[in-house]
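Each chain is listed here by its residues.
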Amino acid sequence: MSHSFQELVQLAYQGLCAAGVKHEAAADTALFLALAEIDGLASHGLARVAQYSGHAKHQRINTQAVIKTHPYKSSAALVDGQDGLAFPALKYATDLSVNLAHRHGVGLVAIKNTHHFGVAGHYTEAAARAGYISILLGNTPAAMPMAGGTKAVFGTNPLAAAFPVQGKDPLVIDMSLSAVARGKLLVASKKGESIPLGWALTADGQPTTDPNEGLKGLMVPLGGDKGALLALIIELLAVGLSGSQYSYEADSFFSMKGNKPRLGQLIITIDPGLPGKGVYRNRMLDLLNTFASDMGVRLPGQRRFAVRQKAMKAGVVVNEAVLQEIQNGIQSRWNS
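Here goes a summary of the coordinates provided. (Residues numbered from 1 in each chain as written. Predicted model: local features only at pLDDT ≥ 70, side-chain atom pairs only at ≥ 80, totals over all residues. Heavy atoms only, no water.)

**Comments concerning the overall build of the protein chain**
Counting its regular elements, the protein chain contains eleven helices and 13 strands. With the principal axes as the frame, the protein chain shows a C-alpha extent of 60 × 45 × 45 Å. For the protein chain, restricting intrachain contacts to residue pairs at least 6 apart in sequence, the fraction spanning at least 24 positions comes to 68%. Surface summary for the protein chain: the accessible area is close to 15700 Å², and the carbon and sulfur share equals 56%. (Helix = DSSP H or I, 4+ residues; strand = E, 2+ residues; numbered from the N terminus. Contact = heavy atoms within 4.5 Å. Areas by Shrake-Rupley, 256 points an atom, 1.4 Å probe, with all protein chains shown as cover.)

**A word on the environment of Asp83**
Inspection of the secondary structure puts Asp83 in the loop between β3 (76-80) and α4 (86-104). Judged by relative accessible area, Asp83 falls into the buried class, the value being 15%. Along the primary structure Asp83 and Asn113 are separated by 30 residues, whereas in three dimensions their C-alpha atoms are 5.0 Å apart. At 3.0 Å, the side chain of Asp83 and the side chain of Arg262 are in polar contact. (Buried < 20%, exposed > 50% of the residue type's maximum accessible area, 1.4 Å probe, protein only. Polar contact = N/O pair within 3.5 Å; in protein donor to acceptor, adjacent residues only side chain to side chain.)

**What about the sheet that holds strand β4 (residues 106-114)?**
Spatial ordering of the open sheet is given by β2-β3-β4-β12-β5-β8-β9, a layout of seven strands whose pairing is mixed. The open sheet terminates on both sides in strands that have one partner only, identified here as β2 (68-70) and β9 (168-175). Neighbour-to-neighbour, the strand axes of this sheet turn through a mean angle of 15°, independent of strand direction. Note: β2 against β3, three bridges, orientation antiparallel. Considered in β3, the bridge of His70 is made with Leu78. Across the sheet, α4 touches β2, β3, β4, β5 (133-138) and β12 (263-270), and the angle it forms with β4 is around 160°. (Pairing = 2+ DSSP bridges. Axes fitted to C-alpha atoms, helices over the stretch in contact; angles between N-to-C directions.)

**Topic: the pairing of β4**
Most of β4 is tucked away, with seven of its nine residues classed as buried. When β3 meets β4, the two strands line up parallel, connected through five bridges. Bridge assignment links Ala77 to a residue of β4, and that residue is Val109. Looking at chain direction, β4 and β12 are connected through seven bridges and run antiparallel.

**Let's talk about the pattern of salt bridges**
Within the structure shown, the criterion is met by ten salt bridges. One salt bridge connects Asp39 with Arg308, and the closest N-O pair in it is separated by 2.7 Å. Residue Asp39 is found in the loop between α2 (23-38) and α3 (47-57), and its partner Arg308 is found in helix α10 (residues 302-314); the two are separated by 269 residues along the sequence. Across the pair, exposure class does not vary: Asp39 and Arg308 are buried alike. (Salt bridge = Lys/Arg side-chain N within 4 Å of Asp/Glu carboxyl O.)

**Some details on the packing of aromatic side chains**
In this description, an aromatic ring pair is defined by two values, namely the gap between the centres and the angle between the planes. Applying the stated criterion across every chain, the model contains four aromatic pairs. Judged by centre distance (5.7 Å) and plane angle (10°), the ring pair of Tyr246 and Tyr248 falls under stacked. Within the aromatic cluster, the residues linked to one another by ring pairs are Phe32, Tyr52, Phe87 and Tyr123. The ring of Phe305 carries Arg129 above its face, with NZ or CZ at 4.9 Å from the centroid. (Phe/Tyr/Trp six-rings, centres within 6.5 Å; stacked < 30°, edge-to-face > 60°. Lys NZ or Arg CZ within 6 Å of the ring centre and 35° of its normal.)

**Notes on the side chain of Thr63**
With respect to the element layout, Thr63 can be found in the loop between α3 and β2. Looking at Thr63, its side chain comes within polar contact range of the main-chain oxygen of Gly20, at 3.5 Å. For Thr63, the contacting residues outside a window of four places in its chain are Ala19, Gly20, Val21, Lys22 and Ala56.

**Some remarks on α10**
The terminal C-alpha atoms of α10 lie 18 Å apart, and with 13 residues this matches the ideal 18 Å at 1.5 Å per residue to within 8%. Within the span of α10, buried status applies to Arg304, Phe305, Arg308 and Ala311. Viewed end-on, α10 has its buried residues packed into an arc of 130°, placing them on one side of the element. Across α10 from its buried face, at more than 90 degrees, point the exposed residues Arg303, Gln309, Lys310, Lys313 and Ala314. Elements in contact with the buried residues of α10: α2, α5 (120-129), β9 and β13 (316-317). Just past α10, the residue Gly315 takes up positive phi, approximately 80°. (Expected span 1.5 Å × (residues − 1). Arc of directions from axis to C-beta.)

**Some remarks on a nonpolar patch on the surface**
A cluster of nonpolar residues, Leu230, Ile233, Leu237 and Leu241, forms a patch on the protein surface that exposes about 330 Å² of accessible area. By the element assignment, Leu237 lies in helix α8 (residues 225-240). (Patch = residues over 30% accessible without salt bridge, like charges linked within 9 Å, V, L, I, M, F, W, Y side chains within 5 Å.)

**Section: the environment of Ala27**
Relative to the helices and strands, Ala27 resides in helix α2. In this structure the C-alpha to C-alpha distance between Ala27 and Ala12, which are 15 residues apart in sequence, comes to 8.4 Å.

Right, dumping it as structure tokens:
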């Protein structure tokens, strides 16, 4: 059975509210989770409702968090998510960074004390559709070793960048620094499926096709040592400028019990007209014309937008196990 975007939003919203999340935060989070589902990114979609609800139950998130902005000067700011769900804080910080870039040419916003922040490209895409270049990075609970190491120190540490294109969809580059997003292991686990070799390692460093062993073990860094060093750069920026916790200080998202992760993100937003009017637009056009001369080129983000357009019309099929988890949570709250 296919579900429309609005049905997905409503289901996610009800599931989060049933867990005690305040209505405004539940509404913001539900929109992003439904968008991930529509975009074909089920690992960051409604499968997360039960996870967030479990974290709420065990006080890993502040269900009544009120976002706080610290005093800032010129083009930089610090946003405190107050241990709540990350989506309201990231949405607010993205808007703030765009406003700062509009006034000063560049907006830099660090975010602290947050949780899992979903699809990084959704925030940068929003800024790019408003006409701005946007870069977002953040850390996640430890899942990857440092170059040469065997212990989980870094998270999969997502990185996204989006670039506006006049009259067209923006270019959106969105990736984690593990060979695959860790959420894919969660989806495989819920479906009872195996994973390909090369995605994850067991806790003692052995290759595995069992997603549950992978979730308890290590993710393989993208590009080996280079991926680990990129994760280090993100760790230092996301934590160093926000005062958040390092990845190894945050308990796994895949455990219901644990500490408040208190992770960090950094958003950099740039007015592309800063160097001179028309410079960015003309240089972008030259690059796109070069791409167009090569029939095999696929522009970053275009596949996601095509999937979204189709799903907005036809709806999407959500894994039954995921739907049942949400319904169970809603029913449990109702019965209590």
